[in-house]
Amino acid sequence: MALDRKVAYIDLATGNIETRPIPLDVRKKYLGGRGLDAYLLYNHTEKGIDPLGPKNTLMISAGILGATLASASARTHIMAKSPLTDLLGSANMGGFFAPELAWAGFHHLVIKGKAKDPVYLWIHNGEIEIRDASNLWGKTVTETQWAIREELDDEDVKCAVCGPAGENLVRYANVMTGIKNSAGRSGMGAVMGSKNLKAVAARGTMDIKIAHPMDALNYNRRFIDQIVSAKVNQTQGTLGTPFIWGATNSWGGVRCRNFQYNQCEYADDIEPERLDEIATETMGPYHMTGCFGCQVHCRAQYKIPSGPYAGKYDEGPEYTSEGAFGGEPDCKNAVTVLTSNHLVDQWGVDNLEIGSIISWAMELFEEGILTSKDTDGLELRFGNDEALLEMIRRICFREGWLGDTLAEGGIQASEKIGKDSFEYLIQVKGMSNLHSDERATPALALGIATGSRGSDHLRSRPAIDLYHLPEEVLRKVYGNPVPYDGPLSSDHTSYVGKAWMVFWQELCYMGVDCLGICKYHTTFLGATLPNFEDWTKVLYYNTGLEMSPTDIWGIAERCYNIERLFNLREGLTRDDPRKGDTLNHRYFDEPCLRGAPDVIGATIDRKKFHKMIDEYYEHHGWDENGVPTPETLKRLGIDKEPSHLL
Amino acid sequence: MEPMGKVLMINYEKCTGCRLCELVCSVMHEGVSNPSRSRIKVVKWESEGLYVPISCQQCQDAPCVNVCPVKALSRDETLDFVEVDYDVCIGCRACVSACPFGAMSFDVIAKKVIKCDLCDGDPQCVRFCEIEAVEYVDADRVSVFKKRDAAQRLSAAQKEAAALQAQL
Amino acid sequence: MAIDTEKLSGAETLRKTRTYGKFRCHNPSCMGRLTPAAGEKQVRCPVCGMEFRVHWIRPDFPRIRGPVWDVNRRLAEEAAAKKLPKKAAKKEGK
């Protein structure tokens, strides 16, 4: 049974390991995955701890449906206090690690303390062993995994590892698995590095009993039909996520030159179709690869066609690498994008964050805030591909003053750089924004401003808002499972009803993150994709748990509020430019200069934005400062946290 | 006319490596998610992006049948596949050693040998593989499809060569 | 639990609203439906004049590959001249 998978508490300092079952009443409150991780984080960390100190607690988990017939039940969730934001750290990756963890008997790992020397965890059929990793330290992401397989003499071992960037405590280092699957936000790899934990290796052959096997099979077939019938997933299955960057760049919704522009003009060489054309050996419809159990297969495979890394095999690039290494630094060169993508995959750093930080530094250099003395002679200008590649290396290995400084993340770097460098930093809660430009899309702007892990597109983005869907379609999506009869608008430049959309999407994404399935399998990029109502069936057939759509909605709300409580405890206040639900002043002050005629001149309206936040708080049952009211906490049964049920 | 018998046709060039076939196989046969109990397995070379699903070929002159000391293996007449009679099988694993494809497995939980039984004519791996890397086709069609693919490659190469020649 | 296997979920009922063969113009107030002829490489929005290059995922499934840069850039410049304060427009020219 999925429900008999355990939680393990591992103290790296003492070597003490304790395993416990997860009680059914805890499951019914938090399901698993991100939701239960949030509960564990709130219960197993003290206020104000150093995220890179031994008192931080690292959670690694599979969703409650991990490895079951839920279609892409592949997601691994990682949580800890973030060394980048000093607030909630949370990251999620596909691949094959979470299912293997589940077959090895576990859904949740709670890792505390710091090992004296480098170690890795070996998790095998209910047993956990702490093993020496001194020979792995310094190895790249894939080298580490292959070396562990060799040591354990088992090709089927799956690992979650940190790369050199994590070892070097780059504050936005990834936890990774496989070639490129990345738990890539908020610096969870640095937390691993700070604990001297190089990897978690798992291999399992334990049954996960399916509650109703034939029904689960039949329903899964129907669920998959639903998922692959979406046009968006058919496009993803041939071009991968770069298709979104291409489409968005077309109308002026991406960032270019550190948010100076909202379009990267004449970027034909990095259009997804072009990447497909030049990576002839591996891309194209049948040269895509998929995560566990997934029929969308959105991950492209490629070999770098030329340059110093010619012939190297990798996967991706995703939207984020298109933005980070193409559009934002204005390096419109496919080989640069593919090479940069390979470097961050090997060294294990967040492509999104590092691309943003380098572009920020490029603007500071062009504005004279950084000088060539600071860059050790590097001409850190937009469009300088070599400077981009060089800075990726310097940051991952903390080389030179600037590499070391930028490795600290935007806010800390801005304090070291001084002058008005902070004003140029496009961040929320200390985390860089995706390379999308939200000035013409208020709903998306609200989403990044309020995301619980800082600026992010996978926390609450109502992407279908861009499709101009008829109001009756919007009502069908956003009016369930709890009724909503307030205003909704098909116009994505409007502020009307957007607070509800963001609130709804937050709970929807929390739902999939608890279940452990992929966001491409829910209402993210397509209105016809499954959500709460559909999940009740997957949950029932696979685990036997009987829940209504509103039950799942309630769980998601509870989990989201736990995340909010954590952030408030760690210092979030509504209007704090560094730790609040705010946006960089450029969103309000600088109009869009490029793109479709109607996008030109767009800014976010301060007053309307403020009102939208008020509405959003109200939907949540939070006061005007964004603090859950006592009634809300009571309603959700979390008025006595931390309650230490686990 | 005698039924031709259908076979699993695997085209590994299409495989995306998702392993859903392993999952549905273990659910269908054992009611559990556990790829180690699946009859089909995707063998992977991740660093090259190469994924090859391996399953029983239902050999005509099957080494597993030949090697079985108690004659527990035989050919099923209706679906034309190699079948294990568990009432007779002694679990000696001679068939596991003999199979040239590694397609005969030993299930350590049920303590029995396991192999593809074509799911009574509705192979679940085929039912779920959207990319059609695994298909269930009449035995005589396999080589026809391969001929067509080869012919297509040949004709494309010929056209390319002609174009190059024209440029000279 | 009574799970109604036959009943379609909200998401499932929306499948019938899906259309193939067309996409929307990328101009927010326009969003007109554009239907490129089969295999066509380029399409122009009759309402706002934006032009797009077309990629075909399948013979019945086109998507916007990107703008026809020269055309859409000119439209953007015209809009900028009307809408933007001079200082901002100047920045674009630098």
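In this text the structure is predicted, and so the values were computed from the model without any measurement.

A. Here's a closer look at empty space enclosed by the protein. All told, the structure shown has eight cavities of 30 Å³ or more when counted by the stated rule. In this structure, the largest cavity encloses a volume near 150 Å³. Gln295 of chain A together with Thr16, Cys18, Cys129 and Ile131 of chain B are the residues nearest the centre of the largest cavity, which is lined by 19 residues in total. Secondary-structure elements contributing two or more residues to the lining of the largest cavity are helix 1 (20-30) and helix 4 (124-128) of chain B. Classifying every residue of the lining of the largest cavity gives 13 nonpolar, four polar and two charged. Its volume calculated, the second largest cavity comes out at about 130 Å³. Phe96, Gly178, Asn181 and Arg299 of chain A together with Glu46 of chain B are the residues nearest the centre of the second largest cavity, which is lined by 16 residues in total. Of the residues belonging to the lining of the second largest cavity, the class tally is three nonpolar, seven polar and six charged. Both domains that furnish three or more residues to the lining of the second largest cavity are identified here as domain 1 (2-203) and domain 2 (233-432) of chain A.

B. Main features of the confidence of the model for chain C. Predicted confidence across chain C gives a mean pLDDT of 87, with 89% of residues reaching 70 or more. At the level of individual helices and strands, chain C shows its lowest average pLDDT in helix 3 (residues 86-93) of chain C, which scores 57, and its highest in strand 3 (residues 42-44) of chain C, which scores 96.

C. Seen up close, the interface of chain C and chain A. Facing the 50 residues of chain C at the interface are 60 residues of chain A. Inspection of the chain C/chain A interface yields eight salt bridges. For the salt bridge of glutamate 533 of chain A with lysine 7 of chain C, the shortest nitrogen-to-oxygen distance reads 3.4 Å. The interface formed by chain C and chain A includes 30 residue pairs in polar contact (both at pLDDT 80 or more). Contributing elements (two or more residues each) for the side of chain C that touches chain A: helix 1 (10-13), strand 4 (51-58), strand 5 (61-67), helix 2 (69-83) and helix 3 of chain C. A total of eight residues in the side of chain C that touches chain A trace back to one element, the largest contributor, which is helix 2 of chain C. For the side of chain C that touches chain A, a count of residues per class yields 22 nonpolar, 10 polar and 18 charged.

D. Structural detail: a negative patch on the surface. Side chains of Glu366, Glu367, Asp420 and Glu423 of chain A sit close together on the surface and give a patch of like negative charge. Assignment of secondary structure puts aspartate 420 of chain A in the loop between helix 16 (410-417) and strand 17 (427-428).

E. Quick peek at the sheet that holds strand 16 (residues 313-315) of chain A. Residues and elements named next belong to chain A. Taken together, the three strands give an open sheet; going across it, the order is 14-15-16, and neighbouring strands pair in antiparallel fashion. Because the sheet does not close on itself, it has two edges, and the strands there are strand 14 (288-289) and strand 16. Here two bridges tie strand 14 to strand 15 (residues 299-303), and the two strands are oriented antiparallel to one another. Considered in strand 15, the bridge of threonine 289 is made with arginine 299. Helix 12 (residues 334-347) rests against strand 15 and strand 16 of the sheet, and its axis sits at about 85° to strand 16.

Reading the values: rules and limits
- Residues numbered from 1 in each chain as written.
- Chains lettered and ligands numbered in written order.
- Predicted model: local features only at pLDDT ≥ 70, side-chain atom pairs only at ≥ 80, totals over all residues.
- Heavy atoms only, no water.
- 1 Å grid on protein atoms, 1.4 Å probe; cavity = no way out; pocket = protein on both sides within 12 Å on 5 of 7 lines; lining within 4 Å.
- Points joined across faces, edges and corners; volume = space filled by probe spheres on them.
- Helix = DSSP H or I, 4+ residues; strand = E, 2+ residues; numbered from the N terminus.
- Nonpolar A, V, L, I, M, F, W, Y, C, P; charged D, E, K, R; others polar.
- Domains from an automatic or database assignment.
- pLDDT = per-residue confidence, 0-100.
- Contact = heavy atoms within 4.5 Å.
- Salt bridge = Lys/Arg side-chain N within 4 Å of Asp/Glu carboxyl O.
- Polar contact = N/O pair within 3.5 Å; in protein donor to acceptor, adjacent residues only side chain to side chain.
- Patch = residues over 30% accessible without salt bridge, like charges linked within 9 Å, V, L, I, M, F, W, Y side chains within 5 Å.
- Areas by Shrake-Rupley, 256 points an atom, 1.4 Å probe, with all protein chains shown as cover.
- Lys, Arg positive; Asp, Glu negative; His and termini not counted.
- Charge placed at Lys NZ, Arg CZ, Asp CG, Glu CD.
- Pairing = 2+ DSSP bridges.
- Axes fitted to C-alpha atoms, helices over the stretch in contact; angles between N-to-C directions.

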